[in-house]
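Chain by chain, the residues:
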Amino acid sequence: MSQMRVDHIAEREEEHVVPKEVYPYSAGLAGGFLGGLAMAVVAVLSGVLMGKGPWYPLNLVGATIVRPMLTAPDETLQRFDLSLLALGFILHIQLSLGIGLLFTLLLPTLPGPPIAWSVVLGPLLWFWAQFVFLPVINPRIAEEASWISFLIAHLVYALVLGWWIQRTPKIRAGWGVP
């Protein structure tokens, strides 16, 4: 192999920087779970402040799975319904965990602390949910959710996620990094 070819390979290897330390994936999962719980608290408070009660926003999430509930009257969604609540909780927490894990996977590529990026993540999640995702899978939430409380809920989620990850000690990255 010519020296020029070897030099070129060495230059390309130097372009790929692997961080020596990363946040553990478990931090993203735990932060996503805690952020999801905090977001649910905001949703419950929002439901109470809107005069629809604490169960209304949570049951609306469950209606994403139990499709006939999307057209149910408000009175039905305002009542405690264990099965609807459980299905909504499972869906919400799965999404919260998945986003937390993805955020942790992306962090090594982003400069700065996780809490700073969580301030960016919250509005991005809100925008995506409000204008892209929910109009397709649960138009009732997209139509009825107060945009300000929905934005606050997403900010709270992202801030709790970023805070939890940032407070978690980094671990040594794998793949044979010295």
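Above this text you will find the structure in question.
Let me sum up the structure you'll find in this document. Everything quoted here is computed from the prediction, not taken from an experiment. (Residues numbered from 1 in each chain as written. Predicted model: local features only at pLDDT ≥ 70, side-chain atom pairs only at ≥ 80, totals over all residues. Heavy atoms only, no water.)

Let's shift gears to a nonpolar patch on the surface. On the surface, Phe 33, Leu 37, Phe 89 and Ile 90 cluster together into a nonpolar patch covering about 330 Å² of accessible area. Within the residue set of the nonpolar patch, elements represented by two or more residues are helix H2 (25–49) and helix H5 (82–106). Overall, the relative accessible area of 32% leaves Phe 33 in the partly exposed class. (Patch = residues over 30% accessible without salt bridge, like charges linked within 9 Å, V, L, I, M, F, W, Y side chains within 5 Å. Areas by Shrake-Rupley, 256 points an atom, 1.4 Å probe, with all protein chains shown as cover. Salt bridge = Lys/Arg side-chain N within 4 Å of Asp/Glu carboxyl O. Helix = DSSP H or I, 4+ residues; strand = E, 2+ residues; numbered from the N terminus. Buried < 20%, exposed > 50% of the residue type's maximum accessible area, 1.4 Å probe, protein only.)

A word on the side chain of Arg 140. Secondary-structure assignment places Arg 140 in helix H7 (residues 139–144). For Arg 140, the side chain forms a polar contact with the side chain of Asp 74, separated by 2.5 Å. Excluding anything up to four places from it in sequence, Arg 140 contacts Tyr 56, Leu 60, Met 69, Leu 70, Thr 71, Ala 72, Pro 73, Asp 74, Leu 77 and Ala 145. (Polar contact = N/O pair within 3.5 Å; in protein donor to acceptor, adjacent residues only side chain to side chain. Contact = heavy atoms within 4.5 Å.)

Any space left empty among the atoms is revealed by the rolling of a water-sized probe across them. Taken as a whole, the largest pocket spans an internal volume of roughly 780 Å³. As for the largest pocket, its lining consists of 36 residues, of which Met 39, Val 61, His 92, Ile 141 and Phe 150 are closest to the centre. Counting residues per element, the ones that place at least two in the lining of the largest pocket are H2, helix H3 (55–62), H5, helix H6 (114–137), H7 and helix H8 (147–167). Residue composition of the lining of the largest pocket, by class: 26 nonpolar, 9 polar and 1 charged. (1 Å grid on protein atoms, 1.4 Å probe; cavity = no way out; pocket = protein on both sides within 12 Å on 5 of 7 lines; lining within 4 Å. Points joined across faces, edges and corners; volume = space filled by probe spheres on them. Nonpolar A, V, L, I, M, F, W, Y, C, P; charged D, E, K, R; others polar.)

Moving on: the nonpolar core. If you look at soluble globular proteins, the nonpolar side chains tend to sit buried side by side. Core analysis: the biggest nonpolar cluster contains 15 residues, and Leu 60, Met 69, Leu 77, Leu 134, Ile 141 and Phe 150 have the highest contact counts within it. Among the elements of the structure, H3, H6, H7 and H8 are those that each provide at least two residues to this core. Per-element tally for this core: the top contributor is H6, with 3 residues. Those residues in contact with Met 69 that lie beyond four places of it in its chain are Ala 63, Thr 76, Leu 77, Leu 84 and Arg 140. The next biggest cluster of nonpolar side chains, apart from the first, holds 13 residues, and it includes Tyr 23, Ala 27, Tyr 157 and Ala 158. (Core = buried A, V, L, I, M, F, W, Y, C linked by side-chain atoms within 4.5 Å.)

It is worth spelling out the pattern of salt bridges at this point. Under the definition given, this model contains 4 salt bridges. Ionic pairing is found between Arg 140 and Asp 74, a salt bridge with its closest N-O pair at 2.5 Å. Here Arg 140 is found in helix H7, whereas its partner Asp 74 is found in helix H4 (residues 74–78), with 66 residues between them in sequence. Accessibility expressed as a relative area gives 23% for Asp 74, which makes it partly exposed. For Arg 140, the salt bridge identified is with Glu 144, shortest N-O distance 2.9 Å. Within this pair, Arg 140 and its partner Glu 144 are both found in helix H7, separated by 4 residues, close to a single helical turn. Residue Arg 140 is classed as buried on the basis of its relative accessible area, which comes to 9%. Taken together, the shared-partner salt bridges connect Lys 52, Asp 74, Arg 140 and Glu 144 into one network.

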